[in-house]
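# Notes for the structure review
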Amino acid sequence: MIDIALFQPDIPQNAGAILRLGACFGATVHIVHPAGFVLSDRNLKRAGMDYVELAALREHDDFAAFERWRREAGRRLVALTTHGRESLPDFAFTADDILLLGRESAGLPSDVRDRVDRLLRLPIRPTTRSLNVANAASIALFEALRQTGGLPASS
């Protein structure tokens with residue numbers, strides 16, 4: 001199953017929306033600390049609504065701890081970044097990929113970008129800089145699940 005990893009998230013409302021996204025699509029959400037808020041933050045809970053309790057959440061003390069876990073699990077790390085070399089629609093996902101998203105205020109630092117397996121960018125208009133991290137996560141997760149056959153059955 002595709003997972004989502006948030007590198008040092010700093011806006012609780014976006015993290016809450018991504019936890020809700022994970023709950024709705026069955027994706028585990030990894031928080032790579034330090035975060036700019038505590039997970040009990042009311043803004044996180046407000047954005048995630050009652051879905052926060054349904055979400056699969058895994059916390060990692062820092063990027064080194066996350067990397068140890070990921071390598072032991074044999075998972076590929078695919079980062080979404082404005083520094084991406086490949087366009088999201090041209091990329092072939094596998095069912096064990098982890099989508100990594102950076103901090104809303106600063107993105108992913110270069111030392112983290114250097115350690116991921118692939119760098120993807122979302123094709124947006126050249127007059128704009130970037131999307132909200134929760135919106136980017138939604139687009140990428142849906143595409144990854146669509147490609148790998150992981151979308152939930154329609155009801």
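The structure we're discussing is the one just above.
Predicted, not measured: the structure shown is a model, and the values here were computed from it.

On a plain count of helices and strands, the protein chain comes out with five helices and seven strands. Seen in sequence order, the protein chain has helices and strands lined up from the N terminus as β-α-β-α-β-α-β-β-β-α-β-α. At 14 Å, the protein chain has a C-alpha radius of gyration in line with the 15 Å of a compact globule built from 155 residues. Principal-axis analysis of the C-alpha atoms places the extent of the protein chain at approximately 40 × 40 × 35 Å. The buried share of the protein chain, reckoned over its 155 residues, is 44%. In the protein chain, the proportion of contacts linking residues at least 24 apart, taken out of those at least 6 apart, comes to 76%.

Across its 14 residues, helix α1 (residues 12-25) extends 20 Å between first and last C-alpha, which sits within 8% of the 20 Å expected from 1.5 Å per residue. Note on α1: the residue one or two positions beyond its end, glycine 26, has a positive phi of about 75 degrees.

With that out of the way, let us pick up the pattern of salt bridges. Tallied over the full model, the rule gives eight salt bridges. Of the charged contacts in the structure, one is a salt bridge between glutamate 67 and arginine 71, with a shortest N-O distance of 3.2 Å. With glutamate 67 and arginine 71 both in helix α3 (residues 63-73), this residue pair falls four residues apart, about one helical turn. Here glutamate 67 falls in the buried class, since its relative accessible area comes to 2%. Between arginine 146 and glutamate 143 there is a salt bridge whose closest N-O contact spans 2.8 Å. Here arginine 146 and its partner glutamate 143 are both found in helix α5 (residues 133-148), three residues apart, which amounts to about one turn of the helix. Overall, the relative accessible area of 47% leaves arginine 146 in the partly exposed class. Residues joined in a network through salt bridges with shared partners are Glu67, Arg70, Arg71 and Asp117.

The geometry of α1 relative to α5 is characterised by a closest axis approach of 9 Å and an angle of 20 degrees between their N-to-C directions. Our classification of the angle between α1 and α5 gives roughly parallel. Of the two elements, α1 crosses α5, and the hand of that crossing is right-handed. Facing α1, whose interface residues are Asn14, Ala17, Ile18, Leu21 and Phe25, α5 presents Val133, Ala134, Ala137, Ser138, Leu141, Phe142 and Leu145.

Moving on, we get to the layout of surface pockets. Estimated volume of the largest pocket: approximately 490 Å³. Listed by contribution, the elements that provide at least two residues to the lining of the largest pocket are β7 (118-121) and α5. Taken together, the residues of the lining of the largest pocket break down into ten nonpolar, seven polar and five charged.

Moving on to a nonpolar patch on the surface. Taken together, Ile124, Leu131 and Ile139 make up a surface patch of nonpolar side chains, about 220 Å² in accessible area. Within the secondary structure layout, leucine 131 lies in the loop between β7 and α5. Leucine 131 sits in the partly exposed class, given a relative accessible area of 36%.

The rules behind these values
- Residues numbered from 1 in each chain as written.
- Predicted model: local features only at pLDDT ≥ 70, side-chain atom pairs only at ≥ 80, totals over all residues.
- Heavy atoms only, no water.
- Helix = DSSP H or I, 4+ residues; strand = E, 2+ residues; numbered from the N terminus.
- Rg over C-alpha atoms; globule rule 2.2 N^0.38 Å.
- Buried < 20%, exposed > 50% of the residue type's maximum accessible area, 1.4 Å probe, protein only.
- Contact = heavy atoms within 4.5 Å.
- Expected span 1.5 Å × (residues − 1).
- Salt bridge = Lys/Arg side-chain N within 4 Å of Asp/Glu carboxyl O.
- Axes fitted to C-alpha atoms, helices over the stretch in contact; angles between N-to-C directions.
- Parallel < 35°, antiparallel > 145°, perpendicular 65-115°, else oblique.
- Left-handed = near helix turned anticlockwise from the far one by under 90°.
- 1 Å grid on protein atoms, 1.4 Å probe; cavity = no way out; pocket = protein on both sides within 12 Å on 5 of 7 lines; lining within 4 Å.
- Points joined across faces, edges and corners; volume = space filled by probe spheres on them.
- Nonpolar A, V, L, I, M, F, W, Y, C, P; charged D, E, K, R; others polar.
- Patch = residues over 30% accessible without salt bridge, like charges linked within 9 Å, V, L, I, M, F, W, Y side chains within 5 Å.
- Areas by Shrake-Rupley, 256 points an atom, 1.4 Å probe, with all protein chains shown as cover.

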